[in-house]
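Listed below are the residues making up each chain.
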Amino acid sequence: NAQTAKDPFQKLINDFEKEYIPLNIPALELSYVNNLKNINSLEELRDQKRFFLKNKKLLEQLSTQNLSEEEQVICQVLSYEIDLNLSRIHLEYKWLAGGYSIKGTRIYDEPLGKDWYVYFLKKWIDKDLTPDAAYKFGLKETEHVKLAMAAIQKSMGMDDKSFKKQLEDNTHFLSNNDEILEKYNALKLKVKNKAKHYFPYLDKVPPVHIQKGTNKDLAIVPAYYNRNTFYYNFFDHSYDSRDMGWLFLHEAIPGHHYQRHLTSQRDMPISNLFRYMSYIEGWGAYIEQYGNELGAYNSPMDAYAQLQWDLIRSVRVVLDVALNYYGWSDEQAMEFWNKHIADKEDIGKREIDRMKRWPAQVITYKYGKHILDKLKGDKKEPEELKNFHRQVLECGSIPLSVLQNHIQKNSTNL
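Below is a short write-up of the structure. Just so you know, these numbers come straight off a predicted model, no measurement behind them.

Quick notes on the rules
Each chain carries its own residue numbering, running from 1 in the written order of its sequence. The model is predicted, so local features are restricted to residues of pLDDT at least 70 and side-chain atom pairs to those at 80 or more, both for listing and for counting; the totals for chains, interfaces and linings are taken over all residues. The side-chain numbers reported here are obtained from all heavy atoms of the structure, hydrogens and water having been left aside. For the purposes of this entry, the term helix denotes a DSSP run of H or I that reaches at least four residues, the term strand denotes a run of E that reaches at least two, and both are numbered from the N terminus. Radius of gyration: over C-alpha atoms. The globule rule applied is 2.2 Å multiplied by the number of residues raised to the 0.38 power. Buried, partly exposed and exposed residues are distinguished by accessible area as a fraction of the type maximum, computed with a 1.4 Å probe on protein chains only: under 20%, between the cut-offs, and over 50%, respectively. Charged residues are defined here as Lys and Arg on the positive side and Asp and Glu on the negative side; His and the ends of the chain fall outside this count. Charge positions come from single atoms, namely NZ of Lys, CZ of Arg, CG of Asp or CD of Glu. Helix axes use the C-alpha atoms of the stretch in contact, all axes being lines fitted to C-alpha atoms, and the angles between their N-to-C directions lie in the range 0 to 180 degrees. The scheme is simple: roughly parallel for angles under 35 degrees, roughly antiparallel for over 145, roughly perpendicular for 65 to 115, oblique for anything else. For any pair of crossing helices, the crossing counts as left-handed if the nearer helix is rotated counterclockwise from the farther one by less than a right angle, and right-handed if it is rotated clockwise. Throughout, a contact is declared for two residues whenever any of their heavy atoms are within 4.5 Å. Classification convention: Asp, Glu, Lys, Arg as charged; Ala, Val, Leu, Ile, Met, Phe, Trp, Tyr, Cys, Pro as nonpolar; all other residues, Gly among them, as polar. The definition of a nonpolar core used throughout is a set of buried Ala, Val, Leu, Ile, Met, Phe, Trp, Tyr and Cys residues joined through side-chain atoms within 4.5 Å. Basic side-chain nitrogens of Lys or Arg form a salt bridge, by our definition, when they fall within 4 Å of a carboxyl oxygen of Asp or Glu. Within 6.5 Å between ring centres, the rings of Phe, Tyr and Trp (the latter by its six-membered ring) count as paired, and their orientation is classed by plane angle as stacked under 30 degrees, edge-to-face over 60, tilted in between.

**Observations regarding the overall build of the protein chain**
Then, in step 1: The secondary structure content of the protein chain amounts to 17 helices and 5 strands.
Then, in step 2: What you see for the protein chain is a C-alpha radius of gyration of 23 Å, in line with the 22 Å of a compact globule of 414 residues.
Then, in step 3: For the protein chain, the spread of C-alpha atoms along the principal axes amounts to about 65 × 50 × 35 Å.
Then, in step 4: Within the protein chain, buried positions represent 51% of all 414 residues.
Then, in step 5: Mean positive and mean negative side-chain charge positions of the protein chain (57 and 57 charges, respectively) differ by 1 Å.

**A word on the packing of helix H3 (residues 42–61) against helix H4 (residues 69–98)**
Then, in step 1: Packing of H3 against H4 leaves a shortest axis separation of 9 Å and a crossing angle of 150°. As far as their axial angle goes, H4 and H3 are roughly antiparallel. Helix-helix and strand crossings are classified by hand; for H3 and H4 the assignment is left-handed. Mapping the contact onto sequence places Leu42, Leu45, Arg46, Gln48, Lys49, Phe52, Leu53, Asn55, Lys56 and Leu59 in H3 and Cys75, Leu78, Ser79, Ile82, Asp83, Asn85, Leu86, Arg88, Ile89, Glu92, Tyr93 and Leu96 in H4.

**Focus on the packing of helix H10 (residues 256–264) against helix H11 (residues 277–286)**
Then, in step 1: At a closest axis distance of 9 Å, the pairing of H10 and H11 adopts a crossing angle of 140°. Between H10 and H11, the angle falls in the class oblique. H10 and H11 meet at a crossing whose hand is right-handed. Between H10, through His256, Tyr258 and Gln259, and H11, the contact on the second element is made entirely by Tyr279, Ile280, Glu281, Trp283 and Gly284.
Then, in step 2: Its residues assigned to classes, the contact of H10 with H11 comprises 4 nonpolar, 3 polar and 1 charged.

**Examining the nonpolar core**
Then, in step 1: In terms of nonpolar packing, the biggest core is built from 129 residues, with Tyr184, Phe199, Phe230 and Phe248 touching the most fellow members.
Then, in step 2: At 16 residues, helix H12 (residues 300–326) tops the list of elements feeding residues into this core.
Then, in step 3: When neighbours within four sequence positions are excluded, phenylalanine 248 is seen to be in contact with Tyr184, Leu187, Lys188, Val191, Val208, Ile210, Phe230 and Ile253.

**A few points about the pattern of salt bridges**
Then, in step 1: Overall, the coordinates contain 22 salt bridges when judged by the stated rule.
Then, in step 2: One salt bridge in this structure joins lysine 56 and aspartate 83, with 2.8 Å as the shortest N-O distance. Placement of the pair is lysine 56 in helix H3 and aspartate 83 in helix H4, with a sequence separation of 27 residues.
Then, in step 3: Lysine 369 is paired through a salt bridge with aspartate 373; the nearest N and O atoms lie 2.5 Å apart. Within this pair, lysine 369 and its partner aspartate 373 are both found in helix H15 (residues 363–376), separated by 4 residues, close to a single helical turn.
Then, in step 4: Taking relative accessible area as the criterion, lysine 369 reaches 15% and is therefore assigned buried.
Then, in step 5: For aspartate 373, a relative accessible area of 22% gives the class partly exposed.
Then, in step 6: Several salt bridges converge on common partners, so that one network encompasses Glu141, Glu288, Asp310, Arg313 and Lys366.

**Quick word on the side chain of aspartate 126**
Then, in step 1: Mapped onto the secondary structure, aspartate 126 falls in the loop between helix H5 (113–124) and helix H6 (131–155).
Then, in step 2: For the buried aspartate 126, no salt bridge exists, and the shortest N-O distance to an oppositely charged side chain is 6.4 Å, to lysine 127.
Then, in step 3: Every residue in contact with aspartate 126, bar those within four places of it in the chain, is listed here: Tyr80, Leu121, Pro399, Leu400 and Ser401.

**Things to note about the packing of aromatic side chains**
Then, in step 1: By the definition in use, this model includes 35 aromatic pairs.
Then, in step 2: Seen from their ring centres, phenylalanine 16 and phenylalanine 51 are 5.0 Å apart, and the 45° between their planes marks the pair as tilted. Separated by 35 residues along the polypeptide, phenylalanine 16 in helix H1 (residues 2–20) and phenylalanine 51 in helix H3 bring together distant segments of the chain.
Then, in step 3: Relative accessible area serves as the criterion here: at 0%, phenylalanine 16 is assigned to the buried category.
Then, in step 4: Its relative accessible area of 6% is what places phenylalanine 51 among the buried residues.
Then, in step 5: When the ring of phenylalanine 51 is compared with that of phenylalanine 52, the centres are 5.0 Å apart and the planes differ by 75°; the resulting orientation is edge-to-face.
Then, in step 6: Among the aromatic side chains, those forming a connected cluster through ring pairs are Tyr117, Tyr135, Tyr325, Tyr326, Trp328 and Phe336.

Right under this line is the structure:
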């Protein structure tokens, strides 16, 4: 019967979780240097390989036809992780056998550097993504965002000179922290009232707090989220209010605060073992496009500010592959940056340094958003968007390719 058919599944899941944790597989870190330093011993890798090969065989023998949709998703996540870990173990065997030392400049300069980049791209983004495909995607997105920016300028009926003057208009800049906080709290109320039409389960999410950031180590980012609090960074003399809308959406509601709480409320087996950053950061980037619907964008310039940052994300996709897989020099990377992004050379230098230290991480935002946009299709009405968002969120954090399969399989329900 159906219950008996589920027993092997439950045993597989329980045994997997029980045996996986003692393996002490190091968590993925931002720094590739730390990831190389954290490679387990040869004996530990052998234990890991035995574990994953055993579970690969058990999973192949498991009949899935009587499993629920959620259980089938769990099987797909397990299969995904098994394949990815086996490819990691193979590469780590080669690294240990070579007795290599770490140079620490960038992954391209390291022994097996291109192989490592291929792996990190799969680990950070999705196992189906290749460096060449990511590079082409970045080029396409760069041009796409520039066209969207030009369309906003055209809609405002401004030539280049008058539009540049509008961009430099200092009336958008705030200097008083109390005023900034007041505006963010007003924005929170407005978004909360409108978000319920597009996003499910808002009543299950606790209130988000808003504070000025105090950690100068995080000053390189405009804002961040941590433990129920949205932090905005205001260390300079002025604060550009045009960035407030997309920053709040991305980090707070319906961004990371909303997403993280809903994910934590899922009790899906094995969900505590793995995190998928392209799902997490992709969601944050994806919801920025709803600024008008959620009342976060008060003018075309607010939407333009979001696109300015989206252009940076798009250019970073190209440069991450170019620096870490194709071997571009810093000078080549800056030339590409300056070709597409004006008057932000200091940010360009900072981002190039970041990409060399943290290969593949910057691609999570754009590629995750791309998959969600692709799955969303032409849905525009509030209720159909709400149903779509429910499906995206219902399984918690899962690999993009598994999410894609899950939603396409159930598209008739949207």
